[in-house]
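If you want the building blocks of each chain, they are given just below.
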Amino acid sequence: MSVLLPCVACGDDTTATTESVSTTDPGTSTTDEATTGAPTTEAPTTGAPTTSAVSDSETGTTTTTGETTTTTGETTTTTGETTTTDPSTTAETSSSTTEDTGSTTDTTTGGLCDDGPDGDGDGVPDACDACLDGDDALDGDGDGIADACDVCPDDPADDSDMDGVCDGEDLCLAGPDDVDVDDDGIPDACDDEVDLGIDTPIDDYDVAADGALVVVRGDAGALKVTCWNGDGTVRRPEFTAGSYDAGQGLGAKPEIHIAREAQKVLVTWFDAGGNPANHRIAYSLLSNECQPIVTGETALALAEGYFEFHNAAIDAAGNSVITASPNQTLINFVDADGLAGAQQEAFDIDASYGDHVAVNQATGEGIVAAQKHSGNGIYYRRFKAGGAGWIDPGPVQLPVNYHYWYDGYTVGMNDQSEFVFLWRSGGTTLDMRFFAADGTDVADVQRTTIDFEGWDGGHCYDSFRRRHQEVPVRGDDFVLGEVYNWITPQQNRVVHHFAYTPLGELLGEGETDVNLDEGLTIRVDGAGRSFLRGPNGIVVRADYP
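To start, this report covers the structure provided alongside it. This is a predicted model, so every value here is computed, not measured.

With the rule as written, the count across this model stands at 18 salt bridges. For Glu261, the salt bridge is made with Arg260, and the minimal N-O distance between the two is 3.8 Å. Take Glu261: its relative accessible area is 52%, and that puts it in the exposed class. Ionic pairing is found between Asp392 and Arg382, a salt bridge with its closest N-O pair at 2.7 Å. Note that Asp392 is positioned in the loop between β24 (378-383) and β25 (396-398) and Arg382 in strand β24, a separation of 10 residues in sequence. Arg382 matches Asp392 in its accessibility class, with the two residues each being buried. Salt bridges sharing common partners tie together Lys253, Glu308, Asp462 and Arg465.

The next thing to look at is the side chain of Arg447. Examined against the element boundaries, Arg447 turns out to sit in strand β29 (residues 441-448). Exposure remark for Arg447: the relative accessible area of 14% places this residue in the buried category. Only 3.2 Å separates the side chain of Arg447 from the side chain of Tyr500, close enough to count as a polar contact. Every residue in contact with Arg447, bar those within four places of it in the chain, is listed here: Thr428, Thr429, Leu430, Met432, Phe498, Tyr500, Leu506 and Glu509.

What follows concerns the sheet that holds strand β33 (residues 506-512). The pairing of strands in a sheet comes from backbone hydrogen bonds and takes either a parallel or an antiparallel form. If you trace the four strands from one edge of the open sheet to the other, you get β30-β31-β32-β33, paired in antiparallel fashion. Where the open sheet ends on each side, the last strands, each with one partner, are β30 (473-474) and β33. Sheet analysis places β30 next to strand β31 (residues 477-481), joined by two bridges and oriented antiparallel. Across the sheet, the residue bridging to Val473 is Phe478, located in β31.

One pass over the structure, following the stated rule, counts 18 aromatic pairs. Taken together, a centroid distance of 6.3 Å and an interplanar angle of 85 degrees make the contact between Phe383 and Trp390 edge-to-face. Trp390 shares its class with Phe383; the two are buried. Aromatic ring contacts, followed pair by pair, group Tyr380, Tyr409, Phe419, Phe421 and Phe435 into a single cluster. Taking NZ or CZ as reference, Arg381 lies 4.1 Å from the ring centre of Trp390, over its face. Directly above the aromatic system of Tyr406 lies the positively charged group of Arg465, at a separation of 5.5 Å from the ring centroid.

Next up on the list: the sheet that holds strand β12 (residues 222-228). Reading across from one edge, β10-β11-β12-β13 is the order of the four strands in this open sheet, with antiparallel pairing throughout. Across the chains shown, the open sheet's two edge strands, defined by having one partner strand only, are β10 (204-207) and β13 (234-243). Recorded for the sheet is a direction-independent mean angle of 15 degrees between the axes of neighbouring strands. Relative to strand β11 (residues 213-219), β10 runs antiparallel, the two sharing four bridges. Bridge pairing in β11 places Tyr205 opposite Val215.

Considering all chains together, one arrives at four disulfides under this definition. The disulfide bridge from Cys131 ends at Cys149, spanning 2.0 Å between sulfur atoms. Disulfide Cys131 to Cys149: torsion about the S-S bond roughly 90 degrees, handedness right-handed. Note that Cys131 is positioned in the loop between α1 (112-115) and β9 (193-195) and Cys149 in the loop between α1 and β9, a separation of 18 residues in sequence. Since its relative accessible area comes to 1%, Cys131 is described here as buried. One disulfide in the model links Cys172 with Cys190; its S-S distance is 2.1 Å. Here the disulfide of Cys172 and Cys190 is right-handed, its torsion about the S-S bond being about 85 degrees. Placement of the pair is Cys172 in the loop between α1 and β9 and Cys190 in the loop between α1 and β9, with a sequence separation of 18 residues.

Calculation rules
Residues numbered from 1 in each chain as written. Predicted model: local features only at pLDDT ≥ 70, side-chain atom pairs only at ≥ 80, totals over all residues. Heavy atoms only, no water. Salt bridge = Lys/Arg side-chain N within 4 Å of Asp/Glu carboxyl O. Buried < 20%, exposed > 50% of the residue type's maximum accessible area, 1.4 Å probe, protein only. Helix = DSSP H or I, 4+ residues; strand = E, 2+ residues; numbered from the N terminus. Polar contact = N/O pair within 3.5 Å; in protein donor to acceptor, adjacent residues only side chain to side chain. Contact = heavy atoms within 4.5 Å. Pairing = 2+ DSSP bridges. Phe/Tyr/Trp six-rings, centres within 6.5 Å; stacked < 30°, edge-to-face > 60°. Lys NZ or Arg CZ within 6 Å of the ring centre and 35° of its normal. Axes fitted to C-alpha atoms, helices over the stretch in contact; angles between N-to-C directions. Disulfide = S-S within 2.5 Å.

Remember that the coordinates give geometry; whether it matters functionally is a separate question.
Listed below in structure tokens is the structure:
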């Protein structure tokens, strides 16, 4: 690609004047540098400051005394310490004066663009040629770049996405043509659905604002993590981020969370063999390069505690909160450097089931909730950022028509601290309740779904048992969806997702067969893309739902 530069020496009447002045008085010896271009009324001065200058407006004569030389008009005569320019004596040619032992030479060479070399033969001398490879006047797309120097001579915008393909031949103007992860012939930046092709098992996953992706899986006592950049390249190949007792019956039940902006990564899991107590929720915090900050630390611990259900959340800066409900609901806060505070009790409703936590990612404040077995037993409590205290003085009951056991709901919060609850109240009924930041109930929405469980004699229990169920947000809006339990046959698992405002107003919806049982397996990034997890990996959809 050529760059057009201004030609400061172009023109037909340009005169180049070179003057060399010397005197027999060493104290007043001066040398003037070459002056090129149109005449000026004041030239740069050297030496001691000028002591006086007199101008006669009628004759146009200027006399300057001192040790400097000033050029005015078109003809310059230099004598000793005084220079006098008289337009009445101006000639079309330069003069040469020799006085005493000094001499002055003024030579006219003509303009650089008058008679300089013209390598490409386009009539424009090289010194003023915008394109040395061809005719400056030939510019087929009118973009100001001569065709011979234009990488895309038929496209005024050239290669707007800078992928090496001119716009007129570009398959995808939104991104590089040669990035096609699922090899379907459609560049990923313009593909409405991209299968990321992850060929290892996944226990949990999360995405940052720019689409950076992290996944985790438990593998024979090791927590395996893989990290990708927002452009789909690998940030760090699979590595071990922690360990657990491989013989424990419940498994590690790991979660992974990535900070929306800071991109620090939190990994949490259940460990039956950890210290300082027999049963604990452990965590590792990774940097934005997926390098360890802290590894295998303890967030919550209780001897013989039932920790199958734990949950975590992280704010945009990398501060996180970790909860579990082994009868009472426990909570701890971890700062962006990986330092955990003191374990504390959020409330005690005798809950051994689904606890969920969500945060305002902008401020770090949030909400923790837990449920009794089934019926009308969901409670929540909102907290201040970093464990600085509680917003609600005690647990607040969420009155519902019915919720199922072993984890029958989930919760989400946006950057305005508005929040929403989502639960199943029947085989064909899905409920949502929206709250203002002050806790006021602002909308109740109920949707009818297909009978996911009834076809095979199933039930609605375990609809939210899979960990990491925090309701995603897109801006201040919530992205929710249908859920079902493990009995539902895979061929029947076509679910709807839908976006609602904090006031409970429907913004849009869509359906997909990329889903899993027991959870709201959808994450969204800041570009409006949804990352859907199915039995065969993760698929990215643009502008969904």
